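Working through the structure, step by step
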Amino acid sequence: MKETLLPYSTGRPHSKARSAARWMFCVAAVFLLMTWSYVAPNHQTAFSISKKDKFKKCSINAYQATGLKFLDTAERPPVDEYVLRRNNLAKALAIEGVDAFAVEPGYTFSYYANITQPQWEVWEPEERPFVMIIRPAKLADGSVIANTSFLVPHFEKTRARLLDMPFEEEIHTVTYEEHWNYYTTLYESEIWGETLSPTLMVDEEMRDFIQRGFAANGFTVVGLGGEVEAVRQIKTERELGILRAVNTGTVEAIRAMRQCLYAGVTENEVAEVLDDTMRAAGMDPFFDIVEFGKSAALPHGGYDGSRKLEPGMFVLIDVGAHLYGYSSDVCRTFYPPFVSNPPPPGYNVTEQLRIWKVVLDAQNAAVKAMVPNGTAAAVDIAAREIITAAGYEKEFTHRLGHGIGIKAHESPYLNKGNFGAILRPGMVFTAEPGVYVLNDFGVRHEDILVVKENGEAENISGGFARSPWEP
Ligand SMILES: *[C@@H]1O[C@H](CO)[C@@H](O)[C@H](O)[C@H]1NC(C)=O
Ligand SMILES: *[C@@H]1O[C@H](CO)[C@@H](O)[C@H](O)[C@H]1NC(C)=O
Ligand SMILES: *[C@@H]1O[C@H](CO)[C@@H](O)[C@H](O)[C@H]1NC(C)=O
Ligand SMILES: *[C@@H]1O[C@H](CO)[C@@H](O)[C@H](O)[C@H]1NC(C)=O
Ligand SMILES: *[C@@H]1O[C@H](CO)[C@@H](O)[C@H](O)[C@H]1NC(C)=O
């Protein structure tokens, strides 16, 4: 544009305006260039959504589209649930003929009084005992209820009360000073009434030095067992509701995430997205094993998670999350959605597909053997026979399953030697047969089953897998 064409171009004042405009243009250009050079190397993330973000969005959307209805059976256990558990314990103590049960903060303590070890000992496990003592009290009508006391350092008495443990009555403490023998303090306390030398059953989580302290100061100490151990093994209705919700929710998260898988995604990326998917339902993932192809020949992982997903690879996912303190633990083995059913002949997956079905048959055999009054061993053996008949006896390298509740792994354990454990209604187990061929592939299906009053066990993890395309 020529100066002379501007109607009000009148020499000098106008040129001044022009040079100011040029100057401003230059500053703006330099600023834009600097901004661009700063963001350019990251322009994937700065200006477009990365593939992993799209994957995550797709997975969470698919999960939320289920309506998350599986959460409906879960509620946080209220105070009366803990009262019920302690009363069940008291009845078991009466049957076993022991005077009291003793437990330190940990899983069992949280089962009966909602306090975990780190909630009491924030820094590190304390050498000063803080012990919950639950005694059976016989009422006039003959029924047995729990009467609970806490052995606690005197200076910690108020802190123990502030824990706000789930009791209807005020908590009762037996306190000791630092220079006292605290085992003797408990032995001589009024809680034993007419009993002269009490028998204490200690929980499996009770530290050795405290057990020996009790035993050296008048108590007869016996280990966890019998009806007392069975209390935590047999789940209440509320526990079953939470276990059903968290395990179904975990399977549903795998199913939702699967729909969004793409070639080239890594095992670690899948684990991250699956975890975020479960969090969208308020669940808290605590382990997540994702294995493609030959990674899955190691049942608990071991490679670094960097393997990329390729057509023809099985995806094996074994994952657990917490809801209201209860664990899920499920496993699925499947093909991503971009692999056709049946897969193209070039994929060499005939044997994988056969084994997928064999492992499912083994799981179904376990369900049929999981009956009241059966043994834990019989369930493992029923599943193992199917895999042995298919020629993979040596490739089923672990036990069939384990109890599950507030811990992912609880007693009783389903292994072929455990003839001593008798199944009872309300016990909850994993059934997780697997076949592992080193440097080739691995298959495992894991669901959660509850032993019923009659007949075979009921699955509470959203139904078994149907095919490698319908996990
Ligand atoms: C149990 O503990 C959890 C977490 O510490 C708390 O949110 C819940 O209210 C407690 N339950 C009862 C019945 O006190
Ligand atoms: C619980 O035990 C204490 C003694 O330590 C006793 O005073 C109290 O009456 C007992 N409560 C019940 C319900 O038995
Ligand atoms: C095909 O699969 C079988 C069984 O999984 C395996 O043993 C064999 O090595 C595979 N063949 C090729 C050419 O990869
Ligand atoms: C299991 O055994 C108990 C005790 O022996 C018995 O009462 C119960 O009827 C048995 N249940 C079944 C389903 O056989
Ligand atoms: C599992 O349970 C669901 C619903 O409770 C049921 O529809 C299904 O048939 C059961 N069995 C298997 C093998 O999934």
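Residues numbered from 1 in each chain as written. Chains lettered and ligands numbered in written order. Predicted model: local features only at pLDDT ≥ 70, side-chain atom pairs only at ≥ 80, totals over all residues. Heavy atoms only, no water.

In the annotation of an unreviewed UniProt entry, the entry for the protein reads Peptidase M24 domain-containing protein, and the organism field reads Curvularia kusanoi.

1. With respect to the overall build of the protein
A tally of helices and strands in the protein yields 14 helices and 17 strands. For the protein, the proportion of its 471 residues judged to be buried stands at 51%. For the protein, long-range pairs separated by at least 24 residues make up 68% of all intrachain contacts whose partners lie at least 6 apart in sequence. Put simply, the protein shows about 22700 Å² of open surface, and 55% of that area lies on carbon and sulfur atoms. (Helix = DSSP H or I, 4+ residues; strand = E, 2+ residues; numbered from the N terminus. Buried < 20%, exposed > 50% of the residue type's maximum accessible area, 1.4 Å probe, protein only. Contact = heavy atoms within 4.5 Å. Areas by Shrake-Rupley, 256 points an atom, 1.4 Å probe, with all protein chains shown as cover.)

2. Examining empty space enclosed by the protein
For the coordinates displayed, the defined rule picks out one cavity of 30 Å³ or more. Taken as a whole, the largest cavity encloses approximately 40 Å³ of empty space. Lining the largest cavity we find Trp120, Glu126, Arg128, Pro129, Phe130, Pro153, Glu156 and Arg159. For the lining of the largest cavity, the residue count by class is four nonpolar, no polar and four charged. (1 Å grid on protein atoms, 1.4 Å probe; cavity = no way out; pocket = protein on both sides within 12 Å on 5 of 7 lines; lining within 4 Å. Points joined across faces, edges and corners; volume = space filled by probe spheres on them. Nonpolar A, V, L, I, M, F, W, Y, C, P; charged D, E, K, R; others polar.)

3. Thoughts on the pattern of salt bridges
Under the criterion given, the structure shown has 24 salt bridges. Where Glu81 meets Arg85, a salt bridge forms, and the shortest distance between an N and an O atom there is 3.0 Å. Taken together, the residues span about one helical turn, with Glu81 and Arg85 both in helix 4 (residues 79–96) at a distance of four residues. Take Arg85: its relative accessible area is 2%, and that puts it in the buried class. A salt bridge links Glu104 to Arg207; its shortest N-O distance comes to 2.6 Å. Of this pair, Glu104 sits in the loop between strand 1 (100–103) and helix 5 (107–113) while Arg207 sits in the loop between strand 5 (199–202) and helix 9 (208–215), placing them 103 residues apart in sequence. Arg207 gets classed as partly exposed once you look at its relative accessible area, which sits at 23%. One salt-bridge network, in which partners are shared between bridges, spans Glu75, Asp80, Glu81, Arg85 and Arg238. (Salt bridge = Lys/Arg side-chain N within 4 Å of Asp/Glu carboxyl O.)

4. Remarks on the packing of aromatic side chains
Within this structure, the stated rule accounts for 18 aromatic pairs. Linked through ring pairs, Tyr176, Tyr182, Tyr183, Tyr187, Trp192, Phe214 and Phe219 together constitute an aromatic cluster. When the ring centre of Tyr262 is taken as origin, the NZ or CZ atom of Lys51, which lies over that ring, is 5.2 Å away. Note that Arg307 overlies the ring of Tyr303, its terminal NZ or CZ placed 5.3 Å from the centroid. (Phe/Tyr/Trp six-rings, centres within 6.5 Å; stacked < 30°, edge-to-face > 60°. Lys NZ or Arg CZ within 6 Å of the ring centre and 35° of its normal.)

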